[in-house]
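Each chain is listed here by its residues.
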Amino acid sequence: MTPAESPLVSRRMTIRSYFMAAMAALALAGCAAGQAAHARPPQQDTPQMTDARRLTPERLYASPSLSGSTPRAVRFSPDGRRVTFLKPRAEESARYDLWQFDVATGAQTLLVDSTAIDPADAELSEEEKALRERKRIASVRGIADYAWGTADTIIVPAGGDIHLVTLTASGPQTRRLTQTDAFEYDAKVSPKGAQVSFIRDGALYAIDLASGQETRISPAAQPGKAISYGVAEFVAQEEMSRYTGYWWSPDERYIAFTEVDESGVDIIPRFDIAADKVTVIEQRYPRAGRPNAKVALLVFDRNDGSTRKIASVGPDDYLARVNWAHGSLWFQTVNRDQTEIRYNRTDGLPWRIWSPFTEEQERWVNLSDDFLALPEGGLLLTHELDGFRHIYWRDTSSGTLRQITSGEWVVSGIKGYDRATRTLYFTGFRETPLEQHLYAVSLVSSDAEGAEIRRITPEGGSWTITMGADAKSYIGTFSSPSQPPQVGLYTAEGTRIAWIEENALNAGHPYAPYLEAHTVPEFGTLTAEDGQTLYYSIQKPPGFDPAKKYPVIVEVYGGPHVQRVANDWRPLGDQFLTHAGYIVFRLDNRGTWNRGKRFEDVIHRLTGGPEVRDQLAGVAWLKEQPFVDAGRIAIQGWSYGGYMTLMTYAQAPEGTFAAAVAGASVTDWALYDTFYTERYMGTPENNAEGYHASSVFAHIDGLTGPLMLIHGMADDNVTFDNTTRLMAELQARGQPFELMTYPGQRHGIQGEALQLHLMRTRLDFLERHLGRPQP
């Protein structure tokens, strides 16, 4: 769905009071039934621990953040003279301001105070809420994002408007560019800095900065026909991580943009249930097997004002990526079965399209943002042709390829290219899948495949990297289980130039009072049934005594494109649970990320099978450990992790788990969207047996133990009916459960107060069924 212009129809329910009363009664009934059936067990002995200060739920979610002042959206200016970043406020860790770091002097200064352009009491529009959910920044307040234009201009969207920051000798000057009540977003400064473009009401606009004149570039949207322009449809945002629908050519002559026709997409009524009202949102949501949006690619010529439609995509294909390179427009399309990425090219008027090459997979293809046009010719891309993502050079006409990296490890991204030395920089997991690092390889040799790969970043933790435009320096963010994220400026060879945020764990750090009781995970491996290696982490309480027995919480996600076991700064929720006296166990089952196609492909057309068996193998190992109380093991997860919680709990032998907490769970893949679901499962029509076996309802007889279901009542990703259908079926069978719903909340539960409530709710449930550890 495209947030700003999709034809959402909102109305107050005339049966509002009835519906809310019914939901409240249902929730109370579920809770009462669960509490009556599962009384609190006798208190268990718990280990004697140190007297160090331990985390409380209240401090876990309060400001300032216990992880320190961790910058986000850290970026170089186009000329490399500045590094900009969003910095959280100490008194309100969810609110971010825009700061700059002067590379020459090392000075840090505030560029934009978020309260000046986004007041604390500002109400987000429905469209902006949806867009932030897609970008996973729903919890951010103040400045959520920004974009560099030229070396002295920055675009800052805030409060539903577009603001231009101009960097002058006397300081930054901020100007509001848009003056309407409409929600404007996806703003960009044109490559040469003359124009600012953005989306408003489902159409593409541009403002000439010199004259201030505003021009609509695309046709006007047609809400009645569900047609919009320059936008990314729902599955492009949610599943392809493509958040834009227009692209400037480097010379500013052309703008390529989308035409999105959602008229064939099903309207799914969604009850947006808030604390004081119920609104029906008519959401266009393409569920598995149902029609997708039709997407066309158009090109606007600024020289003559003409617009030409050059390609039509869908509803049985997807427009995945668009790039300008070497004067040509490239766009990647994916077939409905998601077994092929087609690289399409057009070289200008008359916009004839041809496809120099494709990438094909027997089961499914994974998208990538890697697309680097080399000045000397050719493209650098990443493919999974040998089962692991690696870098390839491609001839732009013939498609001839040459492999640059190889081996049984994964490249995670191309980061930069030094034209002078012909050195390519990239990130990956060469030494261990637990740590991401920066590497360099020379492209001077004609036999690039045999060139030596050099690791730039030191071992001992994980790195995220942003290279400068000339690849002479990079911004590196490092973290480990004993060091929260710290951000530095480094030369391309890895020498630190300066700290941008050292985030040292000294006496003044917010986490300092809890350092004495800090716990770190131990990592290990198990072997799956097909011989592949599974990585796990186990985090033990402070003052751990191997002679005692501890309750265990299995934290599970287990879904594609996510890795949860890594040598980095771990979730502070895990830290809190260990301080409360629990062992926390995580295992990355087959089907998860950064392990190659064979590891991932086991879930093809049947989810909730191999992943569950891997999780149960992890629990079997736990039960063999002398320090684990085998009768006090619980499992919990959110989203795909909620699905995995339900599937694992339902299929586990009796007595495996003492309790389970499932949040925002998919319960039937026929209720989820096309692009994600069909990639792994096919459609309900061509894989009916797989859909049935992969649903929670096929295993519902196993959900007989203590179970808590949690869901945001306005979830537009995993819609609330996933949980209500499960509730109804459990009630019909007389199977007790407990329920916690969050009015107005979407796929994530946001805000300090609600996050605290969620943690307390989970903790109370776990204590009632595992016994309360004595910290």
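Everything here concerns the structure above.
Bear in mind that the values here come from a model prediction, so they are computed numbers and not experimental data.

(A) Local environment of the overall build of the protein chain. Across its full length, the protein chain holds 13 helices and 45 strands. The globule rule puts the C-alpha radius of gyration for 775 residues at 28 Å, and the 26 Å found for the protein chain is close to it. In terms of overall dimensions, the protein chain has C-alpha extents of about 80 × 60 × 55 Å along its principal axes. Taken over 775 residues, the protein chain has a buried fraction of 61%. Considering only residue pairs separated by 6 or more positions, the protein chain has 60% of its internal contacts joining residues 24 or more positions apart.

(B) The pairing of strand β31 (residues 423-428), seen in detail. Of all six residues that make up β31, six are buried, and the element is covered over most of its length. In β31, alternate side chains face the same way, and those of Thr423, Tyr425 and Thr427 on one face and Leu424, Phe426 and Gly428 on the other are all buried. Bridge analysis of strand β30 (residues 411-418) against β31 gives six bridges, and the strand direction is antiparallel. Following the sheet pairing, Tyr417 is matched in β31 by Leu424. Between β30 and β31, which pair antiparallel one after the other, the connecting turn spans four residues, and Arg422 there sits at a positive phi close to 55°. Across six bridges, the pairing between β31 and strand β32 (residues 437-442) is antiparallel.

(C) How the structure looks around the packing of helix α8 (residues 610-624) against helix α9 (residues 640-651). As a packed pair, α8 and α9 sit with axes 10 Å apart at the nearest point and diverge in direction by 70°. Overall, the two elements α8 and α9 adopt an arrangement that is roughly perpendicular. Contacts between α8 and α9 involve Glu611, Val612, Gln615 and Leu616 from the former and Tyr640, Met644, Met647, Thr648 and Gln651 from the latter.

(D) Spotlight on unusual backbone geometry. Cis peptide bonds are those with omega within 30 degrees of zero, and the linkage from Ser63 to Pro64 qualifies with -5°. By the element assignment, Pro64 lies in the loop between α2 (57-60) and β2 (72-76). With an omega of 5°, the peptide bond running from Leu349 to Pro350 counts as cis. At Trp351, a position not held by glycine, the phi torsion is positive, near 65°. Here Trp351 is to be found in the loop between β24 (340-346) and β25 (353-360). Looking at Trp351, the relative accessible area reads 6%, which means it is buried. The residue His561 is not glycine, and still its phi comes out positive at about 65°. Note on His561: relative accessible area 32%, which makes it partly exposed.

(E) Structural detail: the nonpolar core. Val554, Phe585, Phe657, Leu703, Leu707 and Leu709 are the most contacted members of the largest nonpolar core, which has 77 residues in total. With seven residues, α9 is the single largest residue contributor to this core. Other than its neighbours up to four places away in sequence, Phe657 contacts Val554, Leu616, Val619, Ile633, Ala634, Ile635, Thr648, Tyr649 and Ala652. Residues Ile199, Val265, Leu297 and Leu329 belong to the second largest nonpolar core, which totals 35 residues.

(F) Just the sheet that holds strand β35 (residues 473-480), in detail. Ordered by their spatial adjacency, four strands build an open sheet running β34-β35-β36-β37, and the pairing between neighbours is antiparallel. What marks the edges here is a single partner per strand, and that holds for β34 (462-467) and β37 (496-501). Neighbour-to-neighbour, the strand axes of this sheet turn through a mean angle of 25°, independent of strand direction. Across six bridges, the pairing between β34 and β35 is antiparallel. Across the sheet, Thr466 pairs through a bridge with Ile475, a residue of β35.

(G) Highlighting the environment of Ser537. With respect to the secondary-structure elements, Ser537 resides in strand β39 (residues 533-539). Ser537 sits in the buried class, given a relative accessible area of 4%. Considering only alpha carbons, one finds Ser537 and Ala566, 29 residues apart in sequence, at a separation of 8.2 Å.

(H) Representation of the sheet that holds strand β45 (residues 738-742). With respect to topology, eight strands assemble into an open sheet ordered β38-β39-β41-β40-β42-β43-β44-β45, the strand pairing being mixed. What marks the edges here is a single partner per strand, and that holds for β38 (522-527) and β45. Recorded for the sheet is a direction-independent mean angle of 20° between the axes of neighbouring strands. Across five bridges, the pairing between β39 and strand β41 (residues 583-588) is antiparallel. Each residue of the ladder has a partner; that of Tyr536, found in β41, is Leu587.

(I) Geometry of helix α12 (residues 721-733). Counted at 1.5 Å a residue, the expected span for α12 with its 13 residues is 18 Å, and the 18 Å between its end C-alpha atoms agrees. What α12 keeps buried is the set Asp721, Asn722, Thr723, Leu726, Met727 and Leu730. The positive-phi residue at the C-terminal boundary of α12 is Gly734, with phi of around 75°.

(J) Expanded view of the environment of Val313. Topologically, Val313 is positioned in strand β21 (residues 307-313). Counting along the chain gives 54 residues from Val313 to Glu259, while the straight-line C-alpha distance between them is 9.9 Å. Sequence-distant contacts of Val313, that is, excluding residues within four places in its chain, are made with Lys294, Val295, Ala296, Tyr318, Leu319 and Thr333.

(K) Inspection of the pattern of salt bridges at higher detail. Throughout the structure, instances matching the rule amount to 47 salt bridges. The partner of Glu252 in a salt bridge is Arg302, and the shortest N-O contact between them spans 3.9 Å. Placement of the pair is Glu252 in the loop between β16 (246-248) and β17 (254-261) and Arg302 in the loop between β20 (294-301) and β21, with a sequence separation of 50 residues. A relative accessible area of 32% places Arg302 in the partly exposed class. Here Lys597 makes a salt bridge to Asp601, at a shortest N to O gap of 3.0 Å. Relative accessible area serves as the criterion here: at 3%, Lys597 is assigned to the buried category. Accessibility expressed as a relative area gives 11% for Asp601, which makes it buried. When salt bridges that share partners are traced, they join Arg134, Arg136, Glu238, Asp716 and Arg746 into one network.

Here is what the cut-offs are and how they apply
- Residues numbered from 1 in each chain as written.
- Predicted model: local features only at pLDDT ≥ 70, side-chain atom pairs only at ≥ 80, totals over all residues.
- Heavy atoms only, no water.
- Helix = DSSP H or I, 4+ residues; strand = E, 2+ residues; numbered from the N terminus.
- Rg over C-alpha atoms; globule rule 2.2 N^0.38 Å.
- Buried < 20%, exposed > 50% of the residue type's maximum accessible area, 1.4 Å probe, protein only.
- Contact = heavy atoms within 4.5 Å.
- Pairing = 2+ DSSP bridges.
- Axes fitted to C-alpha atoms, helices over the stretch in contact; angles between N-to-C directions.
- Parallel < 35°, antiparallel > 145°, perpendicular 65-115°, else oblique.
- Core = buried A, V, L, I, M, F, W, Y, C linked by side-chain atoms within 4.5 Å.
- Expected span 1.5 Å × (residues − 1).
- Salt bridge = Lys/Arg side-chain N within 4 Å of Asp/Glu carboxyl O.

Without other data, these values stay purely geometric and don't point to any function.
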